[in-house]
Amino acid sequence: MARTQGRPEALTLPLRHAPWEEHADFAIGLAPVDEAGWLEGGEADPAARKDPLLAAHPDIVWAETPASRPTQQEALALVEAAVGRAAGRPDLPPLLAAARLVPDDLVLMEKQAGEWRLTALSLCAPTFFSAAEVIGQSLKALHGPVTGFETRFLRRVVRIFDRLRPGVILQRRNWTLVNSAEPFAPDAAPIRARIGTIAPEAAGDALHLRVERQSLRRLPQTGAALFTIRVWLTPLAELSDDPARLSAFAQAWRGASPELRAYKKLHLYDALVETFLRAAGESGAQGRPASPK
Ligand code: HEM
């Protein structure tokens, strides 16, 4: 696979999703997608990226509960059918074999004693968490760090999991901004520690829009749910080529809710983003004042 500065090029592609254009706050934002649109592809050899990560960081990128093997097997069959190719790795846990076929990270959720729990996952593009941290967790615990999740969203999300019909595929997107082009980002601290070294005029290249495109579907035989996470990374500079998208991003940045800004720690990037936006022609005249909070 072609690589630039040691990182996979395949995940750094022209802007494909722009979820900031849709919500200024946290949102469930699930929408149906057809079978052909289930997995987005776009990476020639996902295993070439994932295998070294598994060797170097096994506890960060992989976890399973022993009882999840039948569910993993069902997920593998579904993924193999979708990509039209057999994994051919009976030596591996089935979900791990499935994850080597696709760019996406794969997460299994199973209902146990009335709670949806995470029972297996392959997580090679984590956004600030690890497989070891989340294995066995409920939907409530998984979202503990998300401001207001329990009061605003938990019941609705549980109902979506409960009522999901086989054959229905749902997708959602989220976004954040990071000073890294690396899909494998289990820990925010070393990345954020480098913010101060970024020259303001380099902000457009150093800062990346990090979009997660997620999907959810029922596994009909076991009744489990398969959740997928596909990370897309795009340098902020790419917005400069498209005035409409640049303006939409400027509005989203300056209009994001205080809760969202605090959760994503957007204030850490305010000065750099404002420098980038002004240089690109977005003065901020119609947005909120640019002063960092
Ligand atoms: C499909 C139903 C789901 C919905 C509607 C949902 C919603 C959300 C929302 C609103 C956030 C805050 C950031 C964002 O906007 O995305 C979030 C964060 C997160 N979600 Fe979900 N989620 C769902 C399923 C899952 C599943 C199945 C997992 C299992 C891995 C998961 C793991 C997480 C994690 C780890 C975070 C970040 C928490 C942190 O900051 O540490 N979510 N989710």
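Here goes a summary of the coordinates provided. These numbers come from a predicted model, not from an experiment.

A closer look at unusual backbone geometry
- Despite not being glycine, A113 has its phi angle at roughly 50 degrees, a positive value.
- Positive phi outside glycine occurs at F128, with the angle close to 70 degrees.
- Along the chain, F128 turns up in the loop between β6 (115–122) and α5 (131–134).
- For F128, a relative accessible area of 27% puts it in the partly exposed group.

So, the side chain of E212
- For E212, the position within the fold is in strand β8 (residues 208–218).
- Here E212 occupies a buried position and makes no salt bridge, while the nearest side chain of opposite charge, R210, is found at 5.3 Å.
- Reaching out from E212, the side chain makes a polar contact with the side chain of T127 at a distance of 2.8 Å.
- Polar side-chain contacts of E212 include one of 2.8 Å to the side chain of Q214.
- Not counting the four nearest positions on each side in its chain, E212 is found in contact with T127, R172, R173, N174, I229, R230 and V231.

Basis of the calculations
- Residues numbered from 1 in each chain as written.
- Predicted model: local features only at pLDDT ≥ 70, side-chain atom pairs only at ≥ 80, totals over all residues.
- Heavy atoms only, no water.
- Helix = DSSP H or I, 4+ residues; strand = E, 2+ residues; numbered from the N terminus.
- Buried < 20%, exposed > 50% of the residue type's maximum accessible area, 1.4 Å probe, protein only.
- Lys, Arg positive; Asp, Glu negative; His and termini not counted.
- Salt bridge = Lys/Arg side-chain N within 4 Å of Asp/Glu carboxyl O.
- Polar contact = N/O pair within 3.5 Å; in protein donor to acceptor, adjacent residues only side chain to side chain.
- Contact = heavy atoms within 4.5 Å.

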